[in-house]
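Summary of the model geometry
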Amino acid sequence: MWSVLLNSNTQWVLFSTMILGIAAGTVGCLSYWKRQSLMSDALAHAALPGVVLSFLLFREKHLLILISGAAFSALIGAFFIQWIRSSTRIKEDAAMGMILSIFYGLGIMLLTVANRTAGNQSGLSGFILGQSASMVQTDVWTMLILALLVIAITVIGFKEWKIYLFDPQFAKGIGMSLKGMNSLYTIVLVTTIVIGIQAVGVILIAALLIIPAVSARYWTHSFKKMIIISAALGGVSGALGTLISALGSGWPTGPFIVMVASSLFIVSLFLGKEKGIVIQFWQLRIQRKQVRQQQLISPLIAKKEGQ
Amino acid sequence: MGKVVLKVNDLAAAYRKNTVLHDVNFAVEAGSLTGIVGPNGAGKSTLIKTLLELHPALTGEVQFFGASFKKMKTRIGYVPQRGSVDWDFPTIALDVVMMGLYGQIGWLRRPAKLHQEKAYEALDKMGMADYAERQISQLSGGQQQRVFLARALVQNADLYFMDEPLAGVDAATERAIMNILKELKATGKTVLVVHHDLQTVEDYFDHVLFLNRTVVEHGRTAQVFTDENIAAAYGGNMRGMRGGKFHVVRPVEQ
């Protein structure tokens, strides 16, 4: 059963989903503080028609071509959400819900067409729930390079991301271009989403962006540590989920990655150092005990002083 | 009148279809401490945001030190309303103050020890030295406001805009902030403050700007802070400021 681990292709795939998890954990922290966790889900779903369309156009399953299409259609989705929000009376959450379902519906429709017309389409459906087993060496490289790029952009501009997320108006006041930062943020987010769709799938890739970030929140009060912890949790989820899904044949990767990430979240929720449920309960109990003891002692002290 | 540091000509701004500001004209001289007062919805915050190009202007021209905002950006400091940011953000007070130095540190560069010391000094000035390492989410409202002030101080700007820095703060914070404002004025800086408490205007500001969609009156507090102007700005139901207290005059029919 563990022989899959010795397979060099599996090792490479494992490594790339780990780097993907690290990138998603990092970018997820940016989305978390931009209050746009749901945006990543909308954009991931919006990527599907792009994947199928570029396959129909180029008749090739090279990852770089497919994710270029995915990025293109996700960016169109982002543009529509932005446009609906700013020029109609429809609010952002409704706009995201609309774009998410319309694009996903379109994607599934196109996928049906692709499945009917093309013979060698097998595996394209893997983009819905993720199929890391179908990844070849070039896919792994494409994913690795782009994931490392995303991580590098976040790390190098750490100070800038921080002020952009905490107080964008002030950032603008001291000369930061908000338009530039918004574009960079969207590019980084879309890149993370599209490199993850083959391994994790369009439906669940958002989970890898959202769950590690919220889990990390239970362990620290520092933005830097939050990113590091979130990246670590994302990396572990990516690698472990891929490993488990590799044990069976034809098991989708995405659901397993999400389950690992969710387990880590539940651990964080209960045992997290900062406001984890168990820790909080325990602290409250100690505090109550202390107050009670003091209440018992203080009348005695008062009495003694009175004498 | 001294040297003009801010000149506003025919400024107008709107949210969607509603024009919030129109025909705004005024000039501010160097070294003045101006209180911007007016009723709710008068466009006080919008005025500041429009001046700082955080909100688009419909028409008009604004000159800072005789030049455009873009050119003079580094000489302008801004203290936004405390509620404009998420205080749950995981960072410490010292880090927030350090953000005021990002312009000097330079983009993509790491802050040096010197910057940290500067930030600490500013916190100390606001009486917040003991809270430098404290999580911003654990600070009280007044303390958060002082952190914002400290961040503006390290910017070492020549012209400051502050949006309601005294709203909902404790007495100690109010004193600390007013001391700093007076100190800024004493060193020749110019400060514009959106203010909500009419009773303290005369004590705090040497200039006052009455705003209600447009400039109702602007000048030295001693000359323009009159019952007539207050009535004109607030819609005619506030009287008797001179007595120290004001009350609402009800319509005669009642």
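Read on for an overview of the structure. Each chain has its residues counted from 1, running along the sequence as written. The lettering of chains begins at A and the numbering of ligands begins at 1, in the order of writing. For a predicted model such as this one, the threshold for reporting local features is a pLDDT of at least 70, and the threshold for listing and counting side-chain atom pairs is 80 or more; totals across whole chains, interfaces and linings nevertheless cover every residue. The side-chain numbers reported here are obtained from all heavy atoms of the structure, hydrogens and water having been left aside.

A few words on the overall build of chain A. On a plain count of helices and strands, chain A comes out with 14 helices and zero strands. Going residue by residue from the N terminus, the α and β elements of chain A occur as α-α-α-α-α-α-α-α-α-α-α-α-α-α. Summarising its shape, the C-alpha atoms of chain A cover approximately 100 × 55 × 35 Å along the three principal directions. Looking at the 307 residues of chain A, the share that counts as buried comes to 48%. Considering only residue pairs separated by 6 or more positions, chain A has 73% of its internal contacts joining residues 24 or more positions apart. Only the protein chains shown count as covering a residue, and every accessible area follows the Shrake-Rupley method with a 1.4 Å probe. Taken as a whole, chain A presents about 14,800 Å² of accessible surface, with 69% of it coming from carbon and sulfur. A run of H or I in DSSP becomes a helix once it reaches four residues, and a run of E becomes a strand once it reaches two; helices and strands are each numbered from the N terminus. Buried means the residue's accessible area, taken with a 1.4 Å probe over protein chains only, is under 20% of the maximum for its type, while exposed means over 50%, and partly exposed covers the values in between. Contact criterion: two residues are considered in contact whenever any of their non-hydrogen atoms come within 4.5 Å of each other.

The next point concerns the pairing of strand 6 (residues 159–163) of chain B. Residues and elements named next belong to chain B. Counting buried positions along strand 6 gives five out of five residues, so the element sits mostly inside the fold. Residues Leu159, Phe161 and Asp163 line one face of strand 6 and the alternating positions Tyr160 and Met162 line the opposite face, and both faces are buried. DSSP bridges decide pairing: two strands pair if at least two such bridges lie between them. For strand 5 (residues 76–79) and strand 6, the ladder comprises four bridges, and the chain directions are parallel. Its bridge partner being in strand 6, Ile76 is matched across the sheet by Leu159. Bridging between strand 6 and strand 7 (residues 190–194) involves five bridges; their strand directions are parallel. Residue pairing in the sheet places Met162 in a bridge with Val193 of strand 7. Viewed along the sheet, the connection from strand 6 through helix 7 (residues 171–186) into strand 7 turns out right-handed. Classification remark: right-handed applies to a crossover when, strands pointing away from the viewer, the course from the first strand over the helix to the second runs clockwise.

Another aspect to go through is the environment of Ile244(A). Residues and elements named next belong to chain A. Take Ile244: it is sitting in helix 12 (residues 223–247). Considering only alpha carbons, one finds Ile244 and Tyr164, 80 residues apart in sequence, at a separation of 38 Å. Beyond its immediate chain neighbours, meaning those up to four positions away, Ile244 contacts Trp251, Phe256 and Val260.

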